[in-house]
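These are the residues of each chain, in order.
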Amino acid sequence: MIDYLLHPRITENKDWATFLFLLSFIIIAFTKSVFENRFNDFINLIFSDKYIKVYRDSSHLKSGFTISLFLVQVISLAFFIQLSLHIFGYASKTDWILYIQITTFLIFFILSKFLIEKIIATSFNIEEFVEQFNLQKVTYRTYIGLFLLPIDIILFYYDNFSRSIPVIMIGVVLVINVLTYFISIKNYQNLIFSKLFYFILYLCAFEIAPYYFIYYWFTKGIA
């Protein structure tokens, strides 16, 4: 008599991810159709600084263009974080509950950091500089988010990727962020040097310390 051992076939639900990827492309297409000239300048940001020069006013920080692409940025970054955790064996890439947790944390972290910065900037009378500085950071980080989106799709739907891929991408993102700071300092050097003490305090308190504590918490949490 032959005994048959049946194994349950576990299928991973990827429909939620497919929906979010499609939603991202719909937002991008809609933004391009509504802000065609601005979107074209934004896409050429890596080759030209025209976008930074034209849209440097702090009022653009709350424009429909910035907000819509910010949503895409959050979707893309949350996917990249979860996929990196999956590749290193800390999470499942199809865990939609974890994705919601990562997305919620990103939105809370970014918005709370922005509000605290605004309060401190008003207290130190450097509100104009901080808003322009944030606009430039948001611009480059949104660009990074769009750049990561197709990479997220490839990493999500294909398996057996080397661990070196997220390490390389994280390195690229960090280098771009560092370059962003240098570009910002160069563009606003006169304003920075006139309020050098406040800028150094701002840099340490809001641009270094939060990421250090996140890194410390994360490394201790998975140790």
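Above this text you will find the structure in question.
Residues numbered from 1 in each chain as written. Predicted model: local features only at pLDDT ≥ 70, side-chain atom pairs only at ≥ 80, totals over all residues. Heavy atoms only, no water.

Student: Got a sec to walk through the nonpolar core? Specific residues and values, please.
Tutor: If you look at soluble globular proteins, the nonpolar side chains tend to sit buried side by side. The biggest cluster of nonpolar side chains holds 36 residues, and the ones touching the most others in it are Trp 16, Ile 28, Tyr 51, Phe 79, Tyr 99, Leu 148 and Phe 156. Secondary structure elements with two or more residues in this core: helix H1 (15–34), helix H2 (36–43), helix H3 (50–54), helix H4 (64–87), helix H5 (96–124), helix H6 (127–157) and helix H7 (164–187). One finds Ala 121, Ile 126, Val 130 and Phe 133 within the second-largest nonpolar core, a separate group that totals 6 residues. (Core = buried A, V, L, I, M, F, W, Y, C linked by side-chain atoms within 4.5 Å. Buried < 20%, exposed > 50% of the residue type's maximum accessible area, 1.4 Å probe, protein only. Helix = DSSP H or I, 4+ residues; strand = E, 2+ residues; numbered from the N terminus.)

Student: Please set out the packing of aromatic side chains residue by residue, giving values where relevant.
Tutor: Evaluated as defined, the whole model comprises 16 aromatic pairs. Considering the side-chain rings of Phe 79 and Phe 156, the 5.9 Å spacing of their centres and the 80° angle between planes classify their relative orientation as edge-to-face. Highlighted residues: Phe 79 in helix H4 and Phe 156 in helix H6, separated in sequence by 77 residues. By relative accessible area, which is 0% here, Phe 156 ends up buried. Among the aromatic side chains, those forming a connected cluster through ring pairs are Trp 16, Phe 21, Phe 79, Tyr 99, Phe 156 and Tyr 157. Note that Arg 38 overlies the ring of Tyr 55, its terminal NZ or CZ placed 4.6 Å from the centroid. Above the plane of the ring of Phe 156 lies Lys 93, whose end atom (NZ or CZ) is 5.8 Å from the centre. (Phe/Tyr/Trp six-rings, centres within 6.5 Å; stacked < 30°, edge-to-face > 60°. Lys NZ or Arg CZ within 6 Å of the ring centre and 35° of its normal.)

Student: Give me the environment of Ile 151: which residues, what numbers.
Tutor: Note on placement: Ile 151 falls in helix H6. For Ile 151 and Met 169, which are 18 residues apart along the polypeptide, the C-alpha to C-alpha distance reads 9.4 Å.

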